[in-house]
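Structural features, examined
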Amino acid sequence: MMRRSLSLPAFFMPAARRLRTIGLLLPALAGLALLAGVVGFRVSEGMGLAALQETGHHRLDLYAESLEREIDKYAYFPATLGLERDVLDLVTGRAPLAWGLNRYLERLNERAGTLSIYVLNRQGRVLATSNWNRPDSFIGEDLSYRPYFVEAAAGRQGRFFGVGTTRGEAGYYLSSPLTEDGAIVGVAVVKVSLEQLEQSWSTVEAPVLVADENGVVILASVPSWKFTTLRPMDEPTRRHFDLTLQYNARPLQALGLTALDRIAADAELVRLSRPADGQLEEAVFPVTGGFLAQTAPLHGTGWTMTVLSPVDQVTGMAWTRAALAAVGSAFLGILLLMWVQRRRHLLDLERKVEERTRNLRAAQDELVHAGKLAVIGQLSAGLAHELNQPLAALRTLSGNTVKFLQRGNLDAAQGNLERIAHLVDAMGALTSQLKSFARKSSGAPRPVAVRRPIDNALFLLEQRLRRSGVAVQVDAPEDVAALCNPNRLEQVLVNLVANALDALTGRTDGRLTLNARTEGDRVCIRVADNGPGLPAEVLPRLFEPFFTTKEAAKDGSKEGSGGLGLGLAISAGIVRDFGGALTGANGPDGGAVFTIDLPAAALPTDPTAVQAGDLLCPTLPPSP
Ligand code: ADP
């Protein structure tokens, strides 16, 4: 076997190319995975935030409603004090302080569950209060600077959140003017604690806070957030608070809420850093990290309520989905690549097979041609042998004719000349046959009456047939027509008949049968002999090029075609070209049967439309 030598660069070429392809594909795959990851993250985060926003909204509505209800409960409370005669007498100065009024306010305070109830005169001095008997009682205190007093003294309802100046207790102050005959004579105040409400918030899933009009957190589910500020506070404002003691001089540190991204008019992504004092709250919800802050104003106050829903879970889920999308897309990408590679490989293979088939076909064409030449070689040997005889006869006949002429025996001379003419015709027919056989025809198929090629083939081998003494029987009706090329079919038949003659060499009872039949849309031509047949070891290799069981003819004396082993291979190729098949088998009575199967054809109705090559051979004239 020949070893194919490859130069080193050529050997490494495919590997290098593959590496280069992988080098290009890997970043593409990574890019695809990254893109899928980003899209997966964005979509998942968007969906998560939308769901979070929805629940946040519900919470906000619920908490705001409960807070508003709590405040509304006390809205008309201070005004009802104006219905008390004792109260009006006291604030107008018509009667001195009756201790009974203090006790009345104390009881009222207990019943109502408020922090304190007190009455001020027109100047803002506390005249009666529910906490009269406590050491830090408001009695006598001047609260004219408190905004709730200022508001009520001006005839309006006062609403104020503040830290008590005496006990430092935070509360909501509701104030009302006390009127008599349309004139404002004093102010009644109720201080309400919202702590209970605040405590109920500490068990919910998301932190809630309420900021007053100054941006100061006054209620929060996280205690340490209380009295922090949502927005930075300038010095004048801070001084003002110190002056009014609204927050009782608390430091008012910033809550540390950083706005990240506004996703709706009332919703914003924020980040909350640890409380400034560093103490972590014990709560059922996270108090630091990313939140979705949703804010709504509270009716009847200048306050806003904010619900902070933790977004860590949404982000975590988005990361997981992004990773899944990235891995999934990379996997799909790899599958796609493998499929593309496989397809390319298959196409490559197909192209190679096509190329190989083309080459083989070309080689086969060459073989067919070579086979013809081989047959010509054999034929010419035979022909030389055949022609020598008539040539010798011609020589004798012409010599005799000259003598007849000299003797004046014109009849005998004429007879000789006629025999000479016959001989020359016969020889001319042989040579023209040879010419047509050697012509390399592409052999475009057309309807052919198979009887012609059968007769031509037998004619070409007539000398051999005659010498072998083989009895030939032909059964081929004129109307049996196949789609083929007559010259090439003739070449096949010559091969088959010659093989049969080889097989019958030395037999005295040799018999050769050729028949042609139309069977449906096929035509079958059978060449059968009564020779030794095809042995089992020969059958599978019959059509193999160069397979032969014959010895090469050593000299011209041997009748056999002299084993090239090409005859059947070439013949099978020719028949295949016509869309047919050549098969070999053993006949029922021994001997070989070769069958040429061809597509049937209809003969043209015009009898003159006969193609060149159909009439290669007129019937051979009788020998002298
Ligand atoms: P070749 O005639 O040059 O040997 P072929 O391809 O024509 O090549 O034939 C191949 C072989 O098939 C022959 O060598 C012979 O053994 C066998 N063979 C062909 N025709 C016959 C036949 N009619 N009877 C017996 N054997 C045959």
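Residues numbered from 1 in each chain as written. Predicted model: local features only at pLDDT ≥ 70, side-chain atom pairs only at ≥ 80, totals over all residues. Heavy atoms only, no water.

**Focus on the packing of aromatic side chains**
What the rule picks out here adds up to eleven aromatic pairs. Judged by centre distance (5.9 Å) and plane angle (45°), the ring pair of Tyr 148 and Phe 160 falls under tilted. Note that Tyr 148 is positioned in helix α5 (residues 147-153) and Phe 160 in strand β3 (residues 158-163), a separation of twelve residues in sequence. Relative to Trp 303, the ring of Phe 161 has its centre 6.0 Å away and its plane inclined at 85°; by these criteria the two rings are edge-to-face. Of the two residues, Phe 161 sits in strand β3 while Trp 303 sits in the loop between β10 (289-297) and β11 (304-310), which places them 142 residues apart along the sequence. Taking relative accessible area as the criterion, Trp 303 reaches 3% and is therefore assigned buried. Put simply, the rings of Phe 161, Tyr 172, Phe 227, Phe 241, Tyr 247 and Trp 303 pair up and form one aromatic cluster. (Phe/Tyr/Trp six-rings, centres within 6.5 Å; stacked < 30°, edge-to-face > 60°. Helix = DSSP H or I, 4+ residues; strand = E, 2+ residues; numbered from the N terminus. Buried < 20%, exposed > 50% of the residue type's maximum accessible area, 1.4 Å probe, protein only.)

**Notes on the nonpolar core**
Formed by 47 residues in total, the largest nonpolar core has its most connected members in Leu 67, Leu 178, Val 210, Trp 303 and Met 305. The element contributing the most residues to this core is helix α1 (residues 8-72), with five residues. The next biggest cluster of nonpolar side chains, apart from the first, holds 46 residues, and it includes Leu 460, Ala 498, Ala 500 and Ala 516. (Core = buried A, V, L, I, M, F, W, Y, C linked by side-chain atoms within 4.5 Å.)

**Considerations on the site of the ligand**
Near the ligand there are 19 residues, and of these Asn 499, Thr 548, Thr 549, Lys 550 and Gly 565 occur at the shortest range. Thr 549 is positioned with one of its side-chain polar atoms (N or O) 2.4 Å from an oxygen atom of the ligand. Here an oxygen atom of the ligand sits 2.6 Å away from a polar atom, N or O, in the side chain of Lys 550. Considering the ligand on its own, with 540 Å² of exposed area, one finds that the protein chains cover 94% of that surface. Looking at the shell around the ligand, the elements with two or more residues in it are α12 (486-503), α13 (567-577) and β18 (592-599). (Near = heavy atom within 4 Å. Polar contact = N/O pair within 3.5 Å; in protein donor to acceptor, adjacent residues only side chain to side chain. Areas by Shrake-Rupley, 256 points an atom, 1.4 Å probe, with all protein chains shown as cover.)

**Some details on the pairing of β10**
Examined bridge by bridge, strand β9 (residues 267-272) and β10 share six bridges and lie antiparallel to one another. Across the sheet, the residue bridging to Arg 271 is Gly 290, located in β10. By the bridge criterion, seven bridges tie β10 to β11 in an arrangement that is antiparallel. Across the sheet, residue Pro 297 finds its bridge partner in β11, namely Thr 304. Hairpin connection between β10 and β11: a loop of six residues separates the two successive antiparallel strands, and Gly 300 in this loop has a positive phi of roughly 80°. (Pairing = 2+ DSSP bridges.)

**Comments concerning the environment of Thr 179**
On the secondary structure map, Thr 179 appears in strand β4 (residues 170-180). Sequence separation between Thr 179 and Gly 155 is 24 residues; the distance between their C-alpha atoms is 8.8 Å. With residues near it in sequence (within four places) discarded, Thr 179 still touches Leu 88, Ile 184 and Val 185. (Contact = heavy atoms within 4.5 Å.)

**Some points on the packing of α12 against α13**
Where α12 meets α13, the axes come as close as 9 Å, and the angle between the chain directions of the two elements is 145°. As α12 runs across α13, the sense of the crossing is left-handed. Within the contact between the two elements, α12 uses Arg 488, Gln 491, Val 492, Asn 495, Leu 496 and Asn 499 and α13 uses Gly 567, Leu 568, Ile 570, Ser 571, Ile 574, Val 575 and Asp 577. Residue classes in the contact of α12 with α13 are distributed as six nonpolar, five polar and two charged. (Axes fitted to C-alpha atoms, helices over the stretch in contact; angles between N-to-C directions. Left-handed = near helix turned anticlockwise from the far one by under 90°. Nonpolar A, V, L, I, M, F, W, Y, C, P; charged D, E, K, R; others polar.)

**Some remarks on the pattern of salt bridges**
According to the stated counting rule, one finds 22 salt bridges in the structure shown. Two residues, Lys 73 and Glu 70, come together in a salt bridge whose shortest N-O distance is 3.6 Å. For Lys 73, a relative accessible area of 55% gives the class exposed. Here Glu 268 and Arg 262 are joined by a salt bridge, their closest N and O atoms 3.1 Å apart. Because the salt bridges share partners, they merge into one network encompassing Arg 85, Asp 89, Arg 94 and Glu 180. (Salt bridge = Lys/Arg side-chain N within 4 Å of Asp/Glu carboxyl O.)

**Quick notes on unusual backbone geometry**
Here the phi dihedral of Asp 181 falls at roughly 55°; this positive angle occurs in a residue that is not glycine. Following the sequence through the fold, Asp 181 ends up in the loop between β4 and β5 (183-192). For Phe 227, which is not glycine, the phi torsion reads 60° and is therefore positive. The residue Phe 227 is located in the loop between β7 (217-220) and α7 (235-244) in this model.

**Observations regarding the sheet that holds strand β17 (residues 581-586)**
If you trace the five strands from one edge of the open sheet to the other, you get β13-β15-β16-β18-β17, paired in mixed fashion. Lying at the two open borders of the sheet, with one neighbouring strand each, are β13 (471-475) and β17. Neighbour-to-neighbour, the strand axes of the sheet open up by a mean angle of 15°, direction not taken into account. Looking at chain direction, β17 and β18 are connected through six bridges and run antiparallel.

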